[in-house]
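A closer look at the structure
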Amino acid sequence: MSESSWGAPPSGQVGYWGPTGGGPVQGAAPAGPTYDAPEAQHTRPMPIVPDVPAYGGDQDDERGAARPSGPPFHNEVRPEPSPAGSLPAENQNPEPMPDAPQPAPAPQKKSAGRDLSAAIGVGVGLGVVIVASLFVYKAVFVGVVAVAVVVGLWELTSRLRERKGIKAPLAPLAVGGAAMVVAGYVRGAEGAWVAMALTALAVLVWRMTESPEGYLKDVTAGVFAAFYVPFLATFVAMMLTAADGPWRVLTFLLLTVVSDTGAYAVGWRFGKHKLAPRISPGKTREGLLGAVAFAMVAGALCMRFLIDDGTWWQGLLLGLAVAASATLGDLGESMIKRDLGIKDMGTLLPGHGGIMDRLDSLLPTAPVVWLLLVIFVGSA
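Quick caveat, the model's predicted, so the values are computed rather than measured.

Remarks on the packing of helix α3 (residues 138–164) against helix α5 (residues 215–239)
Describing two packed helices takes the angle between their axes plus the distance from one axis to the other. The N-to-C vectors of α3 and α5 enclose an angle of 155 degrees; their axes lie 10 Å apart at closest approach. In this view, α3 runs roughly antiparallel relative to α5, as classed from their interaxial angle. For the pair α3 and α5, the crossing hand works out as right-handed. Along its contact with α3, which presents F141, V145, V149, L153, L156, L160 and K164, the element α5 presents K217, A221, A225, Y228, V229, P230, A233 and V236. Split by residue class, the contact of α3 with α5 holds 13 nonpolar, no polar and 2 charged.

Take a look at the structure:
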């Protein structure tokens, strides 16, 4: 809009000049049909102000930027003058200078993210139960593996139902999973495959008793769960059938735990480069190198002192393979949990999460260790 539309006076005349006795009204609208002279006569005359730029003119004053020229609004609120000796209102709480030195933030200590005391206590307790059952009576250890499988299946199917609405049938999975572990111990790989096929068939038939809606995704998830948890666990039972079976299983457990411990210790202390930030932001490349180093050293020691006819160089290869499979297994379950939008599969184990959160690296490592031990020292 132009200045004339706001009724701005000519240049050099600021404010409103009312009518005087010496002539027409100065600064009034030009003569024309729309100008009502009688109405102007009733306008109360205003005192003549000197020809000095008023506050709010085109110039910049000490208060800030210029304002547009023209008559001041009658409802404009003028700022109250500051008391003598005080600063203006906008300067009473001055902001710090941009280049003023700021206090350095206090260094934050790295946190493990879990209750370490509870985690260590639960881990030691599980280790005692496993080792005792492993060397006292083999069948008891097979029962421990079967119970862990059933609990893991319950956790997995429960999270699938809660987060995705996938109804993988638990009953045939639990029965078939326990039977799969026992079959692997009694009949070896052949028995494990037969039990796996029968479990998959039972899942397909069991799901037919419900609505056909979602049938495909439910049975697909059921077959996946049967392979992921009990079938991979049967390789632990098959390791146990050898003459030095307990020592093979102990080697498998030790290498997996040492790999996870090395990854945690090195990654927590030196980790800077993310390994797979989209899957598991906490894992680093430095942690992977720590897992490889720790597992290779432990593998050389275990193959030399625990496994009959084993050599140290075989242990190095075994440790390298364990570090790789354990890391992939951990990332695989992290992908599942990220898809489900959860942190842990359960809360059964304080400081650890659920059973599946402890089996994530063990399950895919079991067939790797079983195969390499068969290649290195045989299956007898």
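Let's pick the thread back up.
Examining helix α7 (residues 285–305)
For α7, built from 21 residues, the straight-helix expectation of 30 Å at 1.5 Å per residue is met to within 8% by its first-to-last C-alpha distance of 30 Å. Buried-residue contacts for α7 involve α6 (245–270), β2 (280–284), α8 (312–340) and α10 (362–377).

Some remarks on the pattern of salt bridges
Tallied over the entire structure, the rule returns 7 salt bridges. D218 is paired through a salt bridge with R207; the nearest N and O atoms lie 2.7 Å apart. A residue pair is termed long-range when its members are at least 10 positions apart, and D218 in helix α5 and R207 in helix α4 (residues 170–207) qualify at 11 residues. In terms of burial, D218 and R207 fall into one category: buried. A salt bridge links K337 to E333; its shortest N-O distance comes to 3.9 Å.

A short note on a nonpolar patch on the surface
A cluster of nonpolar side chains, namely V194, L198, L201, L204 and V205, defines an oily patch on the protein surface of about 440 Å² accessible area. In this structure, L204 sits in helix α4. Judged by its relative accessible area of 32%, L204 falls in the partly exposed class.

Considerations on the nonpolar core
Membership of the largest hydrophobic core comes to 61 residues, with the highest contact counts inside it found for V249, F252 and L318. A per-element tally of this core places α5 first, with 14 residues. In this structure L318 touches T251, L255, M303, V369, L372 and L373, once residues within four positions along its chain are discounted.

Details of the pairing of β2
Bridge analysis of strand β1 (residues 274–276) against β2 gives 2 bridges, and the strand direction is antiparallel. Paired with K274 across the strands is T284, a residue of β2. Count of turn residues in the β1/β2 antiparallel hairpin: 3 residues.

A few points about the packing of α6 against α8
Contact geometry of α6 with α8 gives a least axis separation of 9 Å together with a crossing angle of 60 degrees. α8 is crossed by α6, and the crossing has right-handed handedness. Residues T251, L255, T256, S259 and D260 of α6 lie in contact with α8, whose contacting residues are L318, V322, A323 and A326. A breakdown of the residues in the contact of α6 with α8 according to their chemical character gives 5 nonpolar, 3 polar and 1 charged.

The rules behind the values
- Residues numbered from 1 in each chain as written.
- Predicted model: local features only at pLDDT ≥ 70, side-chain atom pairs only at ≥ 80, totals over all residues.
- Heavy atoms only, no water.
- Axes fitted to C-alpha atoms, helices over the stretch in contact; angles between N-to-C directions.
- Helix = DSSP H or I, 4+ residues; strand = E, 2+ residues; numbered from the N terminus.
- Parallel < 35°, antiparallel > 145°, perpendicular 65-115°, else oblique.
- Left-handed = near helix turned anticlockwise from the far one by under 90°.
- Contact = heavy atoms within 4.5 Å.
- Nonpolar A, V, L, I, M, F, W, Y, C, P; charged D, E, K, R; others polar.
- Expected span 1.5 Å × (residues − 1).
- Salt bridge = Lys/Arg side-chain N within 4 Å of Asp/Glu carboxyl O.
- Buried < 20%, exposed > 50% of the residue type's maximum accessible area, 1.4 Å probe, protein only.
- Patch = residues over 30% accessible without salt bridge, like charges linked within 9 Å, V, L, I, M, F, W, Y side chains within 5 Å.
- Areas by Shrake-Rupley, 256 points an atom, 1.4 Å probe, with all protein chains shown as cover.
- Core = buried A, V, L, I, M, F, W, Y, C linked by side-chain atoms within 4.5 Å.
- Pairing = 2+ DSSP bridges.

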